[in-house]
Amino acid sequence: MSEVSFTAVRGVLFDLDGTLIDSAPDLGFAADQLRSVRGLPSLPLEAYRPLAGAGARGMLSVAFGITPDHPDFPGLREEFFTNYEQCIHDQTALFPGIQELVATLEHRPLKWGVVTNKVERFTSLIAQRVALFANAGAIVSGDTTAYSKPHPEPLWEAARRLGLEPHECIYVGDDERDIQAGQASGMKTVVAMYGYLGSGASPKSWGADAEIYSPLDLLKLMGLD
């Protein structure tokens, strides 16, 4: 843990997948359907989970071992998107402790919001289905601004919507791009070590101000427990 103080924070921004919600089962299922219709054997959820935070790019890399520069990638991505839209909230759930964490923030009261690279097409569906998001002060998707993380603009946009300066905010995420965006924006950064993190990732090398191993650890960090 860093020596940075989190007690004077006025707002908390969260990444979505792997930080607030566990969407890996639905993302993995959508990708595995692509394999099934092509006569390929199913892969276990454990194969998909580490890269769930990388969306289509991550899921297709697991399912087919391809990258975005592969000629088949655009078509597979659209097919994946169609599958995911149909199952987007079948198995997705809040991580244990998130409900209590957000309730505590709201009670203080502290402002909170979401900054995700998930495009609005899918973010809006999640927000409609999960009551927690009705009180979010900002929900910024990957296509809300001209940039996505690791660029800081989405975080700045969220801070503007909360009516806060970046230095008054914490950004919590489970991907290196989250920490890069938070650092570039001037926000305090926290790694959600319970999240997806990426395959072979080394979160301790990302330079975040702190790490949490469960959502409620954030309350301890902020002196709110």
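Residues numbered from 1 in each chain as written. Predicted model: local features only at pLDDT ≥ 70, side-chain atom pairs only at ≥ 80, totals over all residues. Heavy atoms only, no water.

**What about unusual backbone geometry?**
Reasoning step 1: In this structure, proline 109 follows arginine 108 across a cis peptide bond, with omega equal to -5°.
Reasoning step 2: Across the junction of lysine 149 and proline 150, the peptide omega takes the value 20°, indicating a cis bond.
Reasoning step 3: In this fold, proline 150 is placed in the loop between β5 (138-140) and α7 (153-162).
Reasoning step 4: Positive phi outside glycine occurs at leucine 197, with the angle close to 65°.
Reasoning step 5: Within the fold, leucine 197 resides in the loop between β7 (188-192) and β8 (210-212).
Reasoning step 6: For leucine 197, a relative accessible area of 18% corresponds to the buried category. (Helix = DSSP H or I, 4+ residues; strand = E, 2+ residues; numbered from the N terminus. Buried < 20%, exposed > 50% of the residue type's maximum accessible area, 1.4 Å probe, protein only.)

**A short note on the pairing of β7**
Reasoning step 1: Among the five residues that make up β7, five are buried, leaving the element largely enclosed by the rest of the structure.
Reasoning step 2: As defined by bridge partners, strand β6 (residues 169-173) adjoins β7 across four bridges and the pair is classed as parallel. Opposite glycine 173, over in β7, you have valine 191 as the bridge partner.
Reasoning step 3: Running through helix α8 (residues 176-185), the crossover from β6 to the neighbouring parallel element β7 is right-handed.
Reasoning step 4: Bridge count between β7 and β8: three bridges; the pairing is parallel. Bridging from a neighbouring strand, alanine 192 pairs with isoleucine 212 of β8. (Pairing = 2+ DSSP bridges. Right-handed = clockwise from strand over helix to strand, strands pointing away.)

**Considering helix α1 (residues 24-37)**
Reasoning step 1: Compared with an ideal rise of 1.5 Å per residue, which puts 14 residues at 20 Å, α1 spans 20 Å between its outermost C-alpha atoms and is within 8% of the ideal.
Reasoning step 2: Where α1 is concerned, the buried positions are Ala24, Pro25, Asp26, Leu27, Gly28, Ala30, Ala31, Asp32, Leu34 and Arg35.
Reasoning step 3: Residues of α1 that are buried sit in contact with β2 (21-22), α2 (45-48), α3 (55-64) and α4 (73-87).
Reasoning step 4: Two residues or fewer after α1 comes glycine 39, characterised by a positive phi angle close to 75°. (Expected span 1.5 Å × (residues − 1). Contact = heavy atoms within 4.5 Å.)

**Quick look at the packing of aromatic side chains**
Reasoning step 1: Under the counting rule described, the total for this entry stands at eight aromatic pairs.
Reasoning step 2: Aromatic side chains phenylalanine 80 and tyrosine 84 sit 6.1 Å apart centroid to centroid with 0° between the ring planes, which places their arrangement in the stacked category. With a gap of four residues between them, phenylalanine 80 and tyrosine 84 both fall in helix α4, about one helical turn apart. Like phenylalanine 80, the residue tyrosine 84 is buried in the burial classification.
Reasoning step 3: Taken together, the ring pairs connect Phe80, Phe81, Tyr84 and Phe122 into an aromatic cluster. (Phe/Tyr/Trp six-rings, centres within 6.5 Å; stacked < 30°, edge-to-face > 60°.)

**Here's the deal with the layout of surface pockets**
Reasoning step 1: Empty space within the largest pocket amounts to approximately 490 Å³.
Reasoning step 2: Looking at the largest pocket, it is lined by 25 residues, and the ones nearest its centre are Ala54, Gly55, Ala56, Asn117 and Lys118.
Reasoning step 3: With five residues, α4 is the largest single contributor of residues to the lining of the largest pocket.
Reasoning step 4: Here the residues of the lining of the largest pocket are counted per class, giving 11 nonpolar, four polar and 10 charged. (1 Å grid on protein atoms, 1.4 Å probe; cavity = no way out; pocket = protein on both sides within 12 Å on 5 of 7 lines; lining within 4 Å. Points joined across faces, edges and corners; volume = space filled by probe spheres on them. Nonpolar A, V, L, I, M, F, W, Y, C, P; charged D, E, K, R; others polar.)

Taken by themselves, the reported measurements are silent on function.
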